[in-house]
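Descriptive structure summary
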Amino acid sequence: MPARIAVARHSPGRSAPAERAAHARTVAEAASRRIGRPVAHPAEKIEYARLLKAQGTSYGEISAKTGIPKTSLHRYLQE
């Protein structure tokens, strides 16, 4: 049976990713860039979907016209 070698984890190594992320956020804010996950569906498409729904269009047809999945449409168009 091979011997296992234990590797000690040091706290400075664990904080390095958090420090890099914090620095990246600071740089992005300074450059006036958006921080975080990108928007899945632009607001214009969602507004168009709302307009289509108000006209009585089905979720399937709205999904085909906008490219937004039906499950997302249900979430966006809740009243």
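Everything below is about the structure printed above this text.
For the structure given in this document, a descriptive report is provided here. (Residues numbered from 1 in each chain as written. Predicted model: local features only at pLDDT ≥ 70, side-chain atom pairs only at ≥ 80, totals over all residues. Heavy atoms only, no water.)

1. Remarks on the overall build of the protein chain
Filter applied, for reference: In DSSP terms, a helix is any run of H or I states spanning at least four residues, a strand is any run of E spanning at least two, and both are numbered starting from the N terminus. Every residue pair with non-hydrogen atoms within 4.5 Å of one another is taken to be in contact. Note on areas: Shrake-Rupley with a 1.4 Å probe; residue coverage comes only from the protein chains shown.
Counting its secondary structure elements, the protein chain contains four helices and zero strands. Each helix and strand of the protein chain, placed in order from N terminus to C terminus, yields the pattern α-α-α-α. In the protein chain, the proportion of contacts linking residues at least 24 apart, taken out of those at least 6 apart, comes to 27%. By element, 55% of the accessible surface of the protein chain is carried by carbon and sulfur atoms, the whole surface being about 6800 Å².

2. Observations regarding the pattern of salt bridges
Formally: By definition here, a salt bridge exists when the distance from a side-chain nitrogen of Lys or Arg to a carboxyl oxygen of Asp or Glu is within 4 Å.
All chains considered together, the criterion is met by one salt bridge. Measuring nitrogen to oxygen at the nearest pair gives 2.6 Å for the salt bridge that ties Arg50 to Glu47. Placement of both Arg50 and Glu47 in helix H2 (residues 43-54) is noted, with a separation of three residues, approximately one turn of the helix.

3. What to know about the side chain of Thr57
Keep this limit in mind: Identification of polar contacts relies on pairs of N or O atoms within 3.5 Å, with a donor-acceptor requirement for protein atoms, meaning one able to donate a hydrogen and the other able to accept it, and with residues adjacent in sequence counted only if both atoms are side-chain atoms.
Residue position: Thr57 is located in the loop between H2 and helix H3 (59-66). Within the structure, Thr57 has its side chain in polar contact with the backbone oxygen of Leu52 (distance 2.9 Å).

4. Examining the packing of H2 against H3
Selection criterion: To obtain an axis, a line is fitted to C-alpha atoms, over the contacting stretch when the element is a helix, and the angle between two such axes runs from 0 to 180 degrees between their N-to-C directions. Put simply, a crossing is left-handed when the front helix is turned counterclockwise from the back one by less than a right angle, and right-handed when it is turned clockwise. By the convention adopted, Pro, Cys, Tyr, Trp, Phe, Met, Ile, Leu, Val and Ala count as nonpolar, Lys, Arg, Asp and Glu as charged, and the other residues, Gly among them, as polar.
Their axes nearest at 10 Å, the elements H2 and H3 cross at an angle of 145 degrees. Helix-helix and strand crossings are classified by hand; for H2 and H3 the assignment is right-handed. On the side of H2, the interface is formed by Lys45, Tyr48, Ala49, Leu52 and Lys53, while H3 contributes Tyr59, Ile62, Lys65 and Thr66. Among the residues making up the contact of H2 with H3, the classes are represented as five nonpolar, one polar and three charged.

5. Some words on the nonpolar core
This is how the line gets drawn: Each nonpolar core is a collection of buried residues, namely Ala, Val, Leu, Ile, Met, Phe, Trp, Tyr and Cys, held together in the definition by side-chain atoms within 4.5 Å. Each residue gets one of three labels from its accessible area relative to the maximum for its type: buried under 20%, exposed over 50%, partly exposed in between, using a 1.4 Å probe on protein chains only.
One finds Ile46, Ala49, Leu52, Ile62, Ile68, Leu73 and Leu77 forming the largest nonpolar core, which totals seven residues. The element that contributes the greatest number of residues to this core is H2, accounting for three residues. Leu77 has contacts with Ala49, Arg50, Lys53, Tyr59 and Ile62, leaving out every residue within four places of it along the chain.

6. Side note on H2
Let me state the cut-off plainly: Here the expected span of a helix is defined as 1.5 Å times the quantity of residues minus one. The directions from the helix axis to the C-beta atoms are what the arc is built from.
A rise of 1.5 Å per residue sets the reference length of H2, with its 12 residues, at 16 Å; its end C-alpha atoms lie 16 Å apart and thus fit the reference within 8%. Residues of H2 that are buried include every one of Ile46, Ala49 and Leu52, and no others. Looking straight down H2, one finds that the buried residues subtend no more than 120 degrees of arc, so they occupy a single side. Counted as exposed and oriented over 90 degrees from the buried face of H2: Ala43, Glu44 and Ala54. Residues of H2 that are buried sit in contact with H3 and helix H4 (70-76). A positive backbone phi angle near 90 degrees is found at Gly56, which sits one or two residues after H2.

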